[in-house]
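Structural features, examined
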Amino acid sequence: MLVRNFKGNTRAALPVFIMLIAFCMLSGGAVYAAQAEQPAANAKAAAVEAQEEAKTGAEANAAVTAEEDEAAKDAVAARLEEIQKKNKRCLMCHSREKTKLLENGKEMSLQVPKEAYLDSAHGAISCVSCHKAIGKIKHPSKSTNISIASEREFSVELNESCRKCHLQKYKQYKGSVHYALVQQGNEKAPVCSSCHNPHAPVSMANFQAETGLPCKNCHENIYNAYTASVHGQARLHGNTIRDSHIQAPICSDCHHSHEITALAIGDVLRTTCIACHENVTLLHNQWLPNAGTHLDIVSCAVCHAPFAKRTFDLHLYDNTAGVPLAMKEGDAPIQEQLQAIASEGGTGDPLEIWKSRYGVDKAVDISLRSRMEVMSGVAAHQIASKSFAVRTCESCHEPGWRQKQNVTLTITTPEGMKQSFEADREVLSSVKAAESISDFYALGGNPNKILDILLLLSLAAGIAVPIGHFTLGKMIREYMERGER
Amino acid sequence: MSSMPTEQTNPEAWLKTKDSELYINPLPVRIWHWLNALGFVALILTGTHIRYQDKFNLMTFETAVKTHNWVAFAVMANYLVWLGFYLFSDRITNYHPELNMKKFFDKAFAQIMYYSYGIFKGEKSPHKVVPYDKFNPMQSITYQIVMLLVVPIQFATGLMMWDVKRFEGVIAMLGGLEVVNTIHVLIYIFFVSFTMIHAYMGALGHTPVTHFREMFTGYEEEH
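Keep in mind that this is a model prediction, so the values were computed, not measured. The residue count restarts for each chain, going from 1 along the sequence in the order it is written. Here chains are named by letter from A upward and ligands by number from 1 upward, in the order in which they appear as written. Per-residue local features of the predicted model are confined to residues with pLDDT of at least 70, and side-chain atom pairs are confined, for both listing and counting, to 80 or more; whole-chain, interface and lining totals are unaffected and use all residues.

**A word on the interface of chain B and chain A**
With 30 residues of chain B at the interface, the matching set in chain A holds 30 residues. The secondary structure listing takes helices from DSSP runs of H or I that are at least 4 residues long and strands from runs of E that are at least 2 residues long, numbered from the N terminus. Among the elements that line the side of chain B that touches chain A, the one with the most residues is helix α7 (residues 177–202) of chain B, at 12 residues. We call two residues in contact whenever the C-beta atoms placed from their backbones are within 7 Å.

**Details of unusual backbone geometry**
Peptide bonds are mostly trans, and most non-glycine residues show a negative phi. All names here are of chain A. In this model, histidine 256 sits at a positive phi of 65°, which is unusual for a non-glycine residue. Within the element layout of this structure, histidine 256 appears in the loop between α12 (251–255) and α13 (268–276). Partly exposed residues are those whose C-beta has more than 12 but fewer than 20 other C-beta atoms within 10 Å; 20 or more makes a residue buried and 12 or fewer makes it exposed, with C-beta atoms placed from the backbone. For histidine 256, a count of 14 C-beta atoms within 10 Å translates into the label partly exposed.

**Here we look at the packing of helix α2 (residues 27–51) of chain B against helix α3 (residues 61–87) of chain B**
All names here are of chain B. Between α2 and α3, whose axes approach to 8 Å, the crossing angle comes to 155°. In terms of their interaxial angle, α2 and α3 are classed as roughly antiparallel. Seen from above, α2 lies across α3 with left-handed handedness. Each residue is assigned to one of three groups, with Ala, Val, Leu, Ile, Met, Phe, Trp, Tyr, Cys and Pro labelled nonpolar, Asp, Glu, Lys and Arg labelled charged, and all others, Gly among them, labelled polar. In terms of residue class, the contact of α2 with α3 is built from 18 nonpolar, eight polar and no charged. Only the contacting stretch of a helix is used when fitting its axis, a line to C-alpha atoms as for every element, and angles between N-to-C directions run 0 to 180 degrees. In these notes the angle categories are as follows: under 35 degrees is roughly parallel, over 145 is roughly antiparallel, 65 to 115 is roughly perpendicular, and the rest is oblique. In this scheme the handedness of a crossing depends on how the near helix is turned from the far one: anticlockwise by less than a right angle means left-handed, clockwise means right-handed.

**Some words on helix α5 (residues 137–162) of chain B**
Residues and elements named next belong to chain B. The terminal C-alpha atoms of α5, which comprises 26 residues, lie 36 Å apart, in line with the 38 Å expected from a rise of 1.5 Å per residue. Working definition for bend: take the seven residues up to and ending at a residue and the seven starting at it, fit an axis to each, and measure the angle between the axes. Along its length, α5 shows its largest kink, about 35°, at valine 146. Along α5, the residues classified as buried are Pro137, Ser140, Val151, Gln154, Thr157, Gly158, Met160 and Met161. Residues of α5 that are buried make contact with α3, α4 (101–116), α6 (168–174) and α7. Working rule for helices: expected span equals 1.5 Å times residues minus one.

**What to know about the domain arrangement of chain A**
When the parts come together, some accessible area is lost, and that loss is often what is quoted as the size of the interface. Looking at chain A, the domain boundaries give domain 1 (2–94), domain 2 (97–202), domain 3 (268–428) and domain 4 (448–485). For domain 2 of chain A and domain 4 of chain A, the distance between their C-alpha centroids amounts to 90 Å. For each domain, the first and last residues come from an automatic or database assignment.

Dropping the structure here:
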């Protein structure tokens, strides 16, 4: 395939190349002619000559390329025939129902769907190019058995064989949360074959995206939330949003297909939303005071998933790198640490507890940042139509708002996932934590008793001073009048 | 001046004759003062609504914030009327008629004594209101602090909260949004009593309406 493409490209490039040489000669001749002040006819003659020369050369080259191409085609066809012959030999047995007993006592099917396989892109690849173990030794028999611990282990092992041809996709996958989880030994995290049937691969364009597969296999709750959302409904009914040319998003539009990342970390989600909703800032600016700040610290779903449970989410932020601080590989039980910090946060500064407990390098410039988030991934997908979005400012900007909030502590795990733990609500009104969370301030939502008392005093003075002064004057005058009498 | 008609002797002549009166407040000052007064009341009401919106149900939070912002910009523009007028008018002497500290303190003390006692006995104010020296020392110092320090701080903190993102650097330098808001609220608290007491003291002129009339017409009867 690669050889053919390369040849094809060369052949296509040759005439262009020759024309380019001719053009250079032509322009060179013209310039020379102008410089030497020779008659224009001479230059023209030279140019015609050059063109003719170039034409002859091109014809000769084209003849050679055609011959080479023909030969290459023959070679590829021969090779393909050979591969298919070998594969058919494998399929003689493996197209039938066959199983293998695994070490875990379970049976694994060895059956390959013959027609689908031969018709697929993988049909042109030799079986043993992926099943290398078979290629290296004789076909397993009673004497040469290949022991396989489990079907999962077999899939993980064979995952590497995809890399050879699908290097770019494999690299993307390697940077994903899915890959990180596989490396961690997570039994459910997907390998290539979890989404793509290796014996009957189909182009992603043929995927029935609306069915939610393959994502739904693991993320069913989220898929259900999505289908009920404005995005899901638009996609399922007519596929477009408000008759525009833009298709409503499916999973991969936001999460990508191979480089899957957790969107809820940092600014990723907002950037993703804005990628389609380009005029978001402008639209919010039209009515929302401090729109920029709101877009910075309030996650889209907080207002656009009106029934979602919200939380005041605290996370450590690496100011030097400009990204949320992620835990490193092999860090001591994150879960326990976080839970302890979350529960202790009620009386102290989560940032300090976090630092001392977790031992964050003091040299790193870290701060505690806060955002309004929805409580769960499911909630984040329950995006409603714009008309249902929360527009009552009071839902956040009301006195005692901080005390009513759910509070979560969040960290990015080494594999790039977001992990949150519920913390004590008291942390938001804790004096010790005041400095750490000072970047988050909801106007009208942060009561301060001292200021309330001062206001009452001021109001009292505003009333008492005039009344007092007036009354005092009246009393003095009356007293003086009595004295005069 | 005693030959001039008075309100009691000839009310009609008194109204028509300006000879007996002093032109204390030129038009720009009067425009500024009343717009500012309306603005302050609106800002205090909407501000109170923003801060204690669970206790009032006059308007939504959104309306309160938006009204507060618009009125604030009007008040800021109006402030320039005041500043411009006094910067380019010789009436600026109202704010510093004489740079003599001893005299200032003596006069200030006399003024305090007047308001706390003399006024009740029917004494005359120790300060005589005249066009280029209309403020008593207490007014002069208070208004200068208010107009050149307190009000600009209120404008600045208000602007910062109007567009937090634009001013995030300054806000961070000041110690965060909570600090900025607390300053803004403290000044608001000050203005609550200031406005009320200011209105009451306005009624402590020669007659209760003297100063109000002076602020509407510009003229004050010479006493």
